[in-house]
Number of protein chains: 2
Amino acid sequence: MAAAIALSRRGRPESAPNPNVGCLIVKDGKVVGRGWTQAGGRPHAEAAALAAAGDAAGGATAYITLEPCAHTSPRGAACSDLLIAAGVARAVIAAQDPDMRTDGKGIAKLQAAGIDVLFNVLPTEARAAMAPWWTRQREGRPFVTLKLATSLDGCIARADGASRWITGERARAHGHLERAQHQAILVGRGTLAADAPKLDVRLPGLGDRSPKKLLLTRGSAPKGWVAVASPEAVGDVDSLLVEGGAGAASAFLAADRVDRLLLYRAPILIGGGRSALGDIGLTDLSAAHGRWRLTDSRRLGSDRLDVYERIRII
Amino acid sequence: MAAAIALSRRGRPESAPNPNVGCLIVKDGKVVGRGWTQAGGRPHAEAAALAAAGDAAGGATAYITLEPCAHTSPRGAACSDLLIAAGVARAVIAAQDPDMRTDGKGIAKLQAAGIDVLFNVLPTEARAAMAPWWTRQREGRPFVTLKLATSLDGCIARADGASRWITGERARAHGHLERAQHQAILVGRGTLAADAPKLDVRLPGLGDRSPKKLLLTRGSAPKGWVAVASPEAVGDVDSLLVEGGAGAASAFLAADRVDRLLLYRAPILIGGGRSALGDIGLTDLSAAHGRWRLTDSRRLGSDRLDVYERIRII
């Protein structure tokens, strides 16, 4: 299942609005088919894996990170039907599909067809791998990553606004890779005015992965940008990267709409510079604790990246 | 030599104003004597190790982290004379003593007595282990560690000044251990007024290690405190821990008197709180780079400690 979850990550973010599922078909201890949800959501992971397996799918075990869909759509057959038709003997499934059109019906169909179903295998890991889709499905809002690039003393710029080259080349390249993994990027009016950021992905081979550009503003947005009036008003987006500045970051934190923090830190001290955040509505220090968990920490050249995730009870 | 350097660290900070030296006597592949500079500077490491070795020192090799002293003082014989008298066959020395009374004379004495001297073995590591003494000897000022305990967004308190319990129990215990390893602690007037900090060492068995208390002020200091008018005016101290607040920290950074940064970070966001630093005289962002190197990074409970050292060309 861990291998199927790793496969599922390849579908992000192009599978949106469909979930990025991963599927492995195993027969006699050998992988005979692998698939993940393709761009735009089709083919589904199961269809891709079954096509790769061909006749070998007969009597095989399918490892799937999300319950196979139960409903036929104009864009293709239901994956539960495809698995039954291919004659798989066993299905191992990580997480149940919260989509009302499936939500248990996929599993029921497989079982009714005599397929042995093992369920709830690594569900936390599978959900984390499709966090953007999961968050939108369950909470009706995008999964939001907030990126902050600061000095050791937490400044994002000098007092006069100078902020070029706080972090080094490797940290910036990592930031571009994060951009490529998001559907949309948001900045505030101040950042647009000060930096006129292109927000494109400047990595070889990933130029076409540049995400939608959103501007947090009560007014209108320039050409090529989509205006968003508030953190709650982000529309048709599964995964959003908030890139700055302090106003936009604070607005998303105050609305408790941040799921993941990317903290890039350069080994410099600025002193009396611009803070990363403004007021985020914290009324008591004790209320600040227990909300964030460090999930990754690494060096990027002379900089350091710490990744924190919001602790939520799902 | 690495073992001798590890021994030398035991002498900090009580050996002051003497250097915290370590010495190992090895004969036929066996350690026959170990010593480090004792409280108040006497006995010296070599004297302690030779006393432990006794007759076994004859024909042995002595590993010493600093060149043995060449001059007799009212408090004891010169270590170079002691080594000669004990009949050691070989001396392996990490770093030359910059003190004018020795500075090469110790080595010359050993060689004149027919002892085989190997020199300049791990000098950087040995100097780092006696950084406080070394800094005062070479630069006439204390080795300064600046401690900052902040939120992820670099705040040391809420806007209203509330700062209790930013970091957790393990980080605070580590801070007390750092106190025990310094000769003096300094805070600014604001911190004294706001927190009335005791600055003592609250660790079992280390209660008597509480350091001298310095107050950064142009005025006078209350009873039990020593007033210090500026970072340049710190007197008879080898190792100084600057504990806050933002004013004191900024003053030491602006004077380029900080050699080591202890950054304790709690997994909380405050937003619009009090910054760790005020103006430190930075005129250009590019000048901020290349000054600090990460030398340690660890978790302390749910907090994180990063240690940075000032890059200086000695």
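Treat the numbers as computed from the prediction; the structure is a model and nothing was measured.

**Brief notes about the overall build of chain A**
Helix and strand counts for chain A stand at 9 helices and 15 strands. Relative to the globule expectation of 20 Å for 314 residues, the C-alpha radius of gyration of chain A, 22 Å, shows essentially globular dimensions. For chain A, the spread of C-alpha atoms along the principal axes amounts to about 70 × 40 × 40 Å. Sequence separation of 24 or more characterises 71% of the internal contacts of chain A that already satisfy a separation of 6 or more. When the accessible surface of chain A is split by element, carbon and sulfur atoms take 50% of a total near 13,500 Å². For chain A, the distance from the average position of its 41 positive side-chain charges to the average position of its 31 negative side-chain charges is 4 Å.

**Side note on the side chain of Thr37(A)**
Residues and elements named next belong to chain A. Looking at the secondary structure, you find Thr 37 in the loop between strand 2 (30-36) and helix 2 (45-53). The exposure class of Thr 37 is buried, given its relative accessible area of 3%. For Thr 37, the side chain forms a polar contact with the main-chain nitrogen of Val 21, separated by 2.9 Å.

**Notes on the relation of the copies chain A and chain B**
When chain A is brought onto chain B, the operation consists of a screw motion whose angular component is 180° and whose axial shift is 0.0 Å, with 0.1 Å RMSD remaining. Taken together, the rotation angle and the small translation identify this as a two-fold axis. Taking C-alpha positions as reference, the residue of chain A nearest the rotation axis is Gly154(A), located at 2.1 Å. The share of interface residues of chain A whose copies in chain B are also at the interface is 100%, consistent with both copies meeting through the same surface.

**Describing the interface of chain A and chain B**
Every contact between the two is made by 37 residues of chain A and, on the other side, 37 residues of chain B. When the two sides are added together, the surface that chain A and chain B hide from each other amounts to roughly 3,300 Å², 61% of it contributed by carbon and sulfur. Of all residues in chain A, the largest losses of buried area upon contact with chain B belong to Leu152(A), Leu269(A) and Leu285(A), amounting jointly to 21% of the total for that side. Across the contact surface, chain A and chain B share 0 salt bridges. Connecting chain A to chain B are 10 residue pairs in polar contact (both at pLDDT 80 or more). Among the elements that make up the side of chain A that touches chain B, the one with the highest residue count is strand 14 (residues 292-300) of chain A (4 residues).

**Quick notes on the packing of helix 3 (residues 79-86) of chain A against helix 4 (residues 105-112) of chain A**
Residues and elements named next belong to chain A. Between helix 3 and helix 4, whose axes approach to 9 Å, the crossing angle comes to 20°. Taken together, the axes of helix 3 and helix 4 are roughly parallel relative to one another. For the pair helix 3 and helix 4, the crossing hand works out as right-handed. Between helix 3, through Ser 80, Asp 81, Leu 83 and Ile 84, and helix 4, the contact on the second element is made entirely by Gly 106, Lys 109 and Leu 110. Broken down by class, the residue content of the contact of helix 3 with helix 4 amounts to 3 nonpolar, 2 polar and 2 charged.

**Regarding the pairing of strand 2 (residues 30-36) of chain B**
Residue and element names in this part refer to chain B. As defined by bridge partners, strand 1 (residues 22-27) adjoins strand 2 across 6 bridges and the pair is classed as antiparallel. Each residue of the ladder has a partner; that of Gly 22, found in strand 2, is Trp 36. Counted along the chain from strand 1 to the antiparallel partner strand 2, the turn is 2 residues long, and its residue Asp 28 has a positive phi close to 50°.

**Some details on the sheet that holds strand 8 (residues 184-188) of chain B**
Residue and element names in this part refer to chain B. If you walk across this open sheet you meet the 8 strands as 10-9-8-11-6-12-15-14, and the pairing is mixed. What marks the edges here is a single partner per strand, and that holds for strand 10 (226-228) and strand 14 (292-300). Neighbouring strand axes in the sheet, compared pairwise and without regard to direction, differ in orientation by 25° on average. By the bridge criterion, 8 bridges tie strand 14 to strand 15 (residues 303-310) in an arrangement that is antiparallel. Opposite Arg 299, over in strand 15, you have Arg 304 as the bridge partner.

**Here's the deal with the environment of Ala173(A)**
All names here are of chain A. Here Ala 173 shows up in helix 7 (residues 169-180). With a relative accessible area of 32%, Ala 173 lands in the partly exposed category. Ala 173 sits 29 residues away from Arg 202 along the chain, and the two C-alpha atoms are 8.0 Å apart.

**Thoughts on the domain arrangement of chain A**
Interfaces are often sized by the accessible area lost when the parts come together. Residue and element names in this part refer to chain A. When cut into domains, chain A gives domain 1 (2-133) and domain 2 (141-310). Each of domain 1 and domain 2 was reduced to a C-alpha centroid, and the two centroids are 34 Å apart. Facing 8 residues of domain 1, the contacting portion of domain 2 comprises 8 residues. In this assembly, domain 1 packs against domain 2 so that about 680 Å² is buried in total across both faces, 57% of it on carbon and sulfur atoms.

**Side note on helix 2 of chain A**
Residues and elements named next belong to chain A. Of the positions making up helix 2, those classed as buried are Ala 45, Glu 46, Ala 48, Ala 49, Leu 50 and Ala 53. Against the buried residues of helix 2 lie strand 1 (22-27), strand 2, strand 3 (61-66) and helix 3. Positive backbone phi, approximately 60°, marks Gly 54, located one or two places after helix 2.

The rules behind each value
Residues numbered from 1 in each chain as written. Chains lettered and ligands numbered in written order. Predicted model: local features only at pLDDT ≥ 70, side-chain atom pairs only at ≥ 80, totals over all residues. Heavy atoms only, no water. Helix = DSSP H or I, 4+ residues; strand = E, 2+ residues; numbered from the N terminus. Rg over C-alpha atoms; globule rule 2.2 N^0.38 Å. Contact = heavy atoms within 4.5 Å. Areas by Shrake-Rupley, 256 points an atom, 1.4 Å probe, with all protein chains shown as cover. Lys, Arg positive; Asp, Glu negative; His and termini not counted. Charge placed at Lys NZ, Arg CZ, Asp CG, Glu CD. Buried < 20%, exposed > 50% of the residue type's maximum accessible area, 1.4 Å probe, protein only. Polar contact = N/O pair within 3.5 Å; in protein donor to acceptor, adjacent residues only side chain to side chain. Least-squares fit on C-alpha atoms with pLDDT ≥ 70 in both. Buried area = accessible area lost by both parts, 1.4 Å probe. Salt bridge = Lys/Arg side-chain N within 4 Å of Asp/Glu carboxyl O. Axes fitted to C-alpha atoms, helices over the stretch in contact; angles between N-to-C directions. Parallel < 35°, antiparallel > 145°, perpendicular 65-115°, else oblique. Left-handed = near helix turned anticlockwise from the far one by under 90°. Nonpolar A, V, L, I, M, F, W, Y, C, P; charged D, E, K, R; others polar. Pairing = 2+ DSSP bridges. Domains from an automatic or database assignment.

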